[in-house]
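# Chain and residue survey
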Amino acid sequence: MTLPRFALVAALLVVAGLFLPMVIPNPYYFYAGYVVLQYVVIATGWNILGGYAGYTNFGASAFFGAGAYAAAFLFKAFGLPLIFQILGAAAVGMFLGVATGYLTLRIQGVYFAIATVALVIVLETLVHNTEYLGGASGMTHIAPPPPAWFGGQTQFVFWVMLVIAACAVVLARWLELSWIGRGLRAIRASEPAAESCGVPTLRLKLLACALSGGVMAAAGAPYPTYTSYLDPVSAFSLLIGLNALAMPLIGGTRNWKGPVIGALLLASVQQIATVTISSEFNILAVGVVLIAFVVLAPEGLLGLKSAWARPKLRLSGAKP
Amino acid sequence: MSEPLLSVRDVSKSFGAIKALGPVGLDVAEGERLGIIGPNGSGKTTLINCITGFFRPDTGTISYKGQDITRLPAYRRARLGLSRSFQIPHPFTGMTVIENLLVPMDYGATSARKELENAEEILRSVGLAERRDHPAEQLSQLELRKLELARALAARPAILIADEAMAGLSEAEIDDILSVLFELNRAGVTVIMIEHIMHAVMRYSERVICLETGQVIAEGSPEKITSSPVVQKVYFGEQTAR
């Protein structure tokens, strides 16, 4: 599928989403669906750096939380509407990505991973001690009423998240198929070889950091509107960082489908488990599923699929 | 000799207290086939890393086509036409063979837009055409070496530096690689060959430089180097002693 056609399909999905509130009367489905879509965005954003370029980021919640707090701040200080909150949050996420990347990417992979964990703690501590942002006790966020069309705030933010998810997936797919994606895959395989092929490795990694951080922060921006309340413990939750890593690993990190499939699967299971079993159970579920995949299918579901197909390729390709 | 294509002047490099290289000076003429030999740890790969920009030399200058490139990052030098292959093949795993070649074409100085055709032609010239759409991780050792060379060629280099491109290969495979390199040189590419396989480097090179503990200890035609007592002592002597 060509990119314009892919973008068109994404746009049609977004338009279709406009009519969902008329089809589905129960707002709970939008409440749960929002979280699933939010994870599609986070996992897709994470995969730009973690999957394509191979740099593991344990601090997705730092970007998510920064996005959420940036949105809340822009609303509280200037009364900006949601769209500008999202753009502002994405800009903050891009800046954080570049800053973290610049300080750590010069050293190899594992130091970057450690620095991202530190970033979560630094930002959470910062918010804890900022009275304007509500400190440790959090802040209420009373968003203006949503457009009447949607019939409710939950349905509205669900649709907003659908738009963000569509944009994120289109961006990820474009990156993947462009010369940038090829450069990032070269970096993932071998940085010296990439450099000797003329790939400006540092610049490309910083670009990936910026885009990845921007997308993950955008995922956090509607969060205050969604919950009407923002506190540092849930905004910088470890579970977000864990999910961001687990979902692409489960789906497969090599292309855009992996994080989408992983997020749809794992986030749905978590939402169902939260209702039917307990809200704590879903953390256990992530842990167990993650271990199972790392051991049994290190290339994710898509890797399993291509491993299944590979023997056929060998038969047709190789001489006897 | 007209102005050299590549000129290395008083270059040295230390790692902590260990002086790995230099000061070393050498010139490479356009279209030349230069062999660099020397025992393990003599500074061959360090010299290559300084020339290609993976290390920044502590002293000295490196100029290429009359331009001082001592401070240029590696990817900029690659775009200028300085291409290298690695001692241990570094394939781009997760990509097909042909896609491996598209990386230097995407990022290189080549303005040619007929990328796929060019890449296919290069694959044919090294004998990898049949493996075009196979994932790089499925290649054999010989094929990986060929891919390493093919990828270096895809950048349309003016100078190719082959760092032990033949290590671990059989005689027939060595002949394979050598003929690719001869062909390449006939097409006008300057080749610097770093090699431990003596008969290969002596057969290929027009001029040979021998390094020992970071210094050039001998330089000249293959015949001269083979018969040089200094070289025999540090190099061949060492090998026969093993």
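Scroll up to find the structure this text is about.
Residues numbered from 1 in each chain as written. Chains lettered and ligands numbered in written order. Predicted model: local features only at pLDDT ≥ 70, side-chain atom pairs only at ≥ 80, totals over all residues. Heavy atoms only, no water.

### With respect to the overall build of chain A
Scanning chain A for helices and strands turns up 15 helices and two strands. Here the C-alpha radius of gyration of chain A, 20 Å, is about what a compact globule of 320 residues would show, namely 20 Å. A principal-axis box enclosing the C-alpha atoms of chain A has dimensions of 70 × 45 × 40 Å. Across the 320 residues of chain A, 54% fall into the buried class. The contacts in chain A between residues at least 6 apart in sequence include a share of 79% that link residues at least 24 apart. Per element, the accessible surface of chain A, about 14400 Å² overall, is 74% carbon and sulfur. Charge separation in chain A, taken as the distance between the mean sites of 16 positive and 8 negative side-chain charges, equals 20 Å. (Helix = DSSP H or I, 4+ residues; strand = E, 2+ residues; numbered from the N terminus. Rg over C-alpha atoms; globule rule 2.2 N^0.38 Å. Buried < 20%, exposed > 50% of the residue type's maximum accessible area, 1.4 Å probe, protein only. Contact = heavy atoms within 4.5 Å. Areas by Shrake-Rupley, 256 points an atom, 1.4 Å probe, with all protein chains shown as cover. Lys, Arg positive; Asp, Glu negative; His and termini not counted. Charge placed at Lys NZ, Arg CZ, Asp CG, Glu CD.)

### Thoughts on the overall build of chain B
Along the backbone of chain B there are nine helices and ten strands. Taking 2.2 N^0.38 as the reference for a compact globule, 242 residues should give roughly 18 Å; the C-alpha atoms of chain B span a radius of gyration of 18 Å, in line with that estimate. Overall, the C-alpha framework of chain B stretches about 50 × 40 × 35 Å when taken along its three principal axes. With 242 residues in all, chain B has 57% of them scored as buried. Of the contacts made within chain B by residues no fewer than 6 positions apart, 64% connect residues no fewer than 24 positions apart. Surface summary for chain B: the accessible area is close to 10100 Å², and the carbon and sulfur share equals 51%.

### What about the packing of aromatic side chains?
This structure, assessed with the given rule, holds 18 aromatic pairs over all chains. Summarising the aromatic geometry, the rings of B:Phe15 and B:Phe55 are spaced 5.2 Å apart at their centres and angled 75 degrees between planes, so their arrangement reads as edge-to-face. Residue B:Phe15 is found in strand E1 (residues 6–15), and its partner B:Phe55 is found in the loop between helix H1 (44–52) and strand E4 (59–64); the two are separated by 40 residues along the sequence. Given the relative accessible area of 38%, B:Phe15 is considered partly exposed. Its relative accessible area of 25% is what places B:Phe55 among the partly exposed residues. Ring geometry for B:Phe54 against B:Phe86: centres 5.9 Å apart, planes inclined by 80 degrees, an arrangement best described as edge-to-face. In this pair, B:Phe54 sits in the loop between H1 and E4 while B:Phe86 sits in the loop between strand E6 (82–85) and helix H3 (97–107), placing the two residues 32 residues apart along the sequence. Judged by its relative accessible area of 8%, B:Phe86 falls in the buried class. These aromatic residues form a ring-pair network of at least three members: A:Tyr28, A:Tyr29, A:Tyr31, A:Tyr34, A:Phe64, A:Tyr223 and A:Tyr226. Above the ring of A:Phe6, the side-chain terminus of A:Arg173 is found at 4.3 Å from the ring centroid. Of note, B:Arg33 hangs over the ring of B:Tyr204, and the distance from its end group to the ring centre comes to 5.5 Å. (Phe/Tyr/Trp six-rings, centres within 6.5 Å; stacked < 30°, edge-to-face > 60°. Lys NZ or Arg CZ within 6 Å of the ring centre and 35° of its normal.)

### Examining the pattern of salt bridges
Taken as a whole and judged by the stated rule, the model has 16 salt bridges over all chains. Measuring nitrogen to oxygen at the nearest pair gives 2.5 Å for the salt bridge that ties B:Arg207 to B:Glu32. Highlighted residues: B:Arg207 in strand E9 (residues 207–212) and B:Glu32 in the loop between strand E2 (18–28) and strand E3 (33–37), separated in sequence by 175 residues. Take B:Arg207: its relative accessible area is 17%, and that puts it in the buried class. Residues joined by salt bridges that share partners form a network here, namely A:Arg182, A:Arg185, B:Glu99 and B:Asp106. (Salt bridge = Lys/Arg side-chain N within 4 Å of Asp/Glu carboxyl O.)

### What to know about the packing of helix H1 (residues 3–23) of chain A against helix H6 (residues 153–177) of chain A
Residues and elements named next belong to chain A. Two elements in contact, H1 and H6, have axes whose closest approach is 10 Å; the angle formed by their N-to-C orientations is 170 degrees. Classified by the interaxial angle, the pair formed by H1 and H6 is roughly antiparallel. Together, Leu-3, Phe-6, Ala-7, Ala-10, Leu-13, Val-14, Gly-17, Leu-18, Leu-20 and Pro-21 of H1 and Gln-155, Phe-158, Trp-159, Leu-162, Val-163, Ala-166, Val-169, Val-170, Arg-173 and Trp-174 of H6 make up the contact between the two elements. Along the lines of polarity and charge, the residues of the contact of H1 with H6 split into 17 nonpolar, two polar and one charged. (Axes fitted to C-alpha atoms, helices over the stretch in contact; angles between N-to-C directions. Parallel < 35°, antiparallel > 145°, perpendicular 65-115°, else oblique. Nonpolar A, V, L, I, M, F, W, Y, C, P; charged D, E, K, R; others polar.)

### Some remarks on the interface of chain A and chain B
Frequently, the measure chosen for interface size is the accessible area removed from exposure when the parts meet. Residue-level contacts link 25 residues of chain A with 25 residues of chain B. Buried area between chain A and chain B, summed over both chains or domains, comes out near 2200 Å², and the portion from carbon and sulfur atoms is 61%. Three residues, A:Arg182, A:Ser196 and A:Cys197, lead the burial of chain A against chain B; their summed loss comes to 28% of the area buried on that side. Applying the counting rule to chain A against chain B returns three salt bridges. (Buried area = accessible area lost by both parts, 1.4 Å probe.)

### Thoughts on the sheet that holds E2(B)
All names here are of chain B. One open sheet accounts for four strands, arranged E2-E1-E4-E5; its pairing is antiparallel. Strands with a single pairing partner mark the edges of an open sheet, and in this sheet they are E2 and strand E5 (67–68). The pairing of E1 with E4 spans five bridges and is antiparallel. When the sheet's bridge partners are listed, Val-8 is paired in E4 with Ile-62. Sitting on the sheet, H1 is in contact with E1, E2 and E4, with an inclination near 120 degrees to E1. (Pairing = 2+ DSSP bridges.)

### Some points on the nonpolar core
A:Tyr39 and A:Ile42 are the most contacted members of the largest nonpolar core, which has 102 residues in total. If near-sequence neighbours (up to four positions away) are discounted, A:Ile42 is found in contact with A:Ala60, A:Phe64, A:Met216, A:Ala219, A:Ile240 and A:Ala244. Within the second largest apolar cluster, 44 residues are counted, among which are B:Leu101, B:Leu123, B:Leu149 and B:Met166. (Core = buried A, V, L, I, M, F, W, Y, C linked by side-chain atoms within 4.5 Å.)

### Some details on the sheet that holds E6(B)
Strand pairing in a sheet takes place through backbone hydrogen bonds and is either antiparallel or parallel in direction. Residues and elements named next belong to chain B. Pairing within the open sheet is mixed, and its six strands lie in the order E6-E7-E8-E3-E9-E10. Looking at the sheet topology across the chains shown, the edges are occupied by E6 and strand E10 (215–220). On average, adjacent strands in this sheet sit at an angle of 20 degrees to one another, irrespective of strand direction. Judged from the five bridges that link them, E9 and E10 form a sheet pairing that is antiparallel. Residue pairing across strands places Leu-211 opposite Val-216, the latter belonging to E10.

### Remarks on the environment of A:Val157
Residues and elements named next belong to chain A. In this fold, Val-157 is placed in helix H6. As a C-alpha pair, Val-157 and Tyr-34 span 123 residues in sequence and 7.2 Å in three-dimensional space. Ignoring any residue separated from it by four or fewer positions in sequence, one finds Val-157 in contact with Tyr-34, Pro-222, Thr-225 and Tyr-226.

### Examining unusual backbone geometry
Leaving glycine out, the prevailing phi sign among residues is negative, and the prevailing peptide bond configuration is trans. All names here are of chain B. The backbone phi angle of Lys-65 is positive, close to 50 degrees, even though this residue is not glycine. Position of Lys-65 relative to the elements: it lies in the loop between E4 and E5. Taking the relative accessible area as the measure of exposure, Lys-65 reaches 53% and is therefore exposed. Of note, Arg-156 is a non-glycine position whose phi angle comes to about 50 degrees, a positive value. Residue position: Arg-156 is located in the loop between helix H5 (141–154) and strand E7 (159–163). In this structure Arg-156 comes out as partly exposed when scored by relative accessible area, which is 47%.

Function-wise, these values are silent; they only describe arrangement.
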